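Given next are the chains, with one letter for each unit.
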Amino acid sequence: MPIPVRLRVNHTPREYSVEPRVLLVHYLRDSCGLTGTHVGCETGICGACTVLVDGKAVKSCTMFAVQADGSDVTTIEGLATNGHLHAVQQAFWECHGLQCGYCTPGMIMASVHLIATGAASSRDAIANGLRGNLCRCTGYSHIIDAVQQAAANPVTGGAGGRQADQREVARG
């Protein structure tokens, strides 16, 4: 029996009735049409599905949509402001913190959380904070560079960041 799930996703109220077993990642992708959150392992190992739920980094494949009812959810599509990349998105672009891009949305969302909580104080702290997000392409060095740059210059994004088109914003 479908249950109504009310969320505020990227500052927009959303309400869809879903089966109780629907994962948050599928609610975001299938009900909300926000496909920037990637489905990777569906076991919580890879981190490709990381989003912010009430400001906390959550692997959305490990949470049922009904568990998030009433929460504020931010996905990769919700980071850019007025068409300008978020500071972390901008730093990933400038520091070449991506290759194939599959892990990038989850990496960026986890990085936003690290910076917001002050847990991006050193390369070791960033590497430790991102250990739940796997990248099979980059070797992590450029990702850590990007997080360090964004942590040092948190206002680079927003109004000051590079103009982004919607495809870039959605990709991360």
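Residues numbered from 1 in each chain as written. Predicted model: local features only at pLDDT ≥ 70, side-chain atom pairs only at ≥ 80, totals over all residues. Heavy atoms only, no water.

1. Remarks on the nonpolar core
Within soluble globular proteins, side chains that are nonpolar tend to cluster in buried spots. Residues Phe-92, Met-107, Ile-108 and Leu-130 are the most contacted members of the largest nonpolar core, which totals 23 residues. Elements with a contribution of two residues or more to this core: helix 2 (87–94), helix 3 (104–116) and helix 5 (141–152). Per-element tally for this core: the top contributor is helix 3, with six residues. Apart from the residues lying within four places of it in its own chain, the contact partners of Phe-92 are Gly-97, Leu-98, Thr-104, Met-107, Ile-108, Ser-111, Ile-143, Ala-146 and Val-147. (Core = buried A, V, L, I, M, F, W, Y, C linked by side-chain atoms within 4.5 Å. Buried < 20%, exposed > 50% of the residue type's maximum accessible area, 1.4 Å probe, protein only. Helix = DSSP H or I, 4+ residues; strand = E, 2+ residues; numbered from the N terminus. Contact = heavy atoms within 4.5 Å.)

2. Some remarks on the environment of Arg-14
In this fold, Arg-14 is placed in strand 2 (residues 12–18). Along the primary structure Arg-14 and Cys-32 are separated by 18 residues, whereas in three dimensions their C-alpha atoms are 7.5 Å apart. Among residues more than four places away in sequence, those in contact with Arg-14 are Val-5, Arg-6, Leu-7, Val-9, Tyr-27, Cys-32 and Leu-34.

3. Quick look at helix 5
Taking 1.5 Å per residue as the helical rise, helix 5 with its twelve residues ought to reach 16 Å, and the 17 Å between its terminal C-alpha atoms agrees with that figure. Taken together, the buried positions of helix 5 are Ile-143, Ile-144, Ala-146, Val-147 and Ala-150. The buried residues of helix 5 occupy an angular sector of 155 degrees when the element is viewed end-on, so they sit on one face. Where the residues of helix 5 are buried, they touch helix 2, helix 3 and helix 4 (123–129). (Expected span 1.5 Å × (residues − 1). Arc of directions from axis to C-beta.)

4. Things to note about the pairing of strand 1 (residues 3–9)
The pairing of strand 1 with strand 2 spans seven bridges and is classified as antiparallel. Paired with Pro-4 across the bridge in strand 2 is Ser-17. Linking strand 1 back to strand 2 in an antiparallel pair, the connection comprises two residues, with Asn-10 at a positive phi of about 50 degrees. The pairing of strand 1 with strand 5 (residues 72–74) spans two bridges and is parallel. From the neighbouring strand, Arg-8 faces strand 5, where its bridge partner is Asp-72. (Pairing = 2+ DSSP bridges.)

5. Some points on the sheet that holds strand 4 (residues 56–59)
Hydrogen bonds between backbone atoms are what pair the strands of a sheet, whose relative direction is either parallel or antiparallel. Taken in spatial order, the five strands make up an open sheet running 2-1-5-3-4, and their pairing is mixed. One side of each edge strand has no neighbouring strand; the edge strands of this open sheet are strand 2 and strand 4. Between one strand axis and the next, the sheet turns by 40 degrees as a mean value, whatever way the strands run. Lying over the sheet, helix 1 (residues 24–31) contacts strand 1, strand 2, strand 3 (50–53) and strand 5, oriented at roughly 105 degrees with respect to strand 2. Across the sheet, helix 3 lies against strand 3, strand 4 and strand 5, angled at about 35 degrees from strand 3, the strand it touches most. (Axes fitted to C-alpha atoms, helices over the stretch in contact; angles between N-to-C directions.)

Just distances and angles here, no functional claims.
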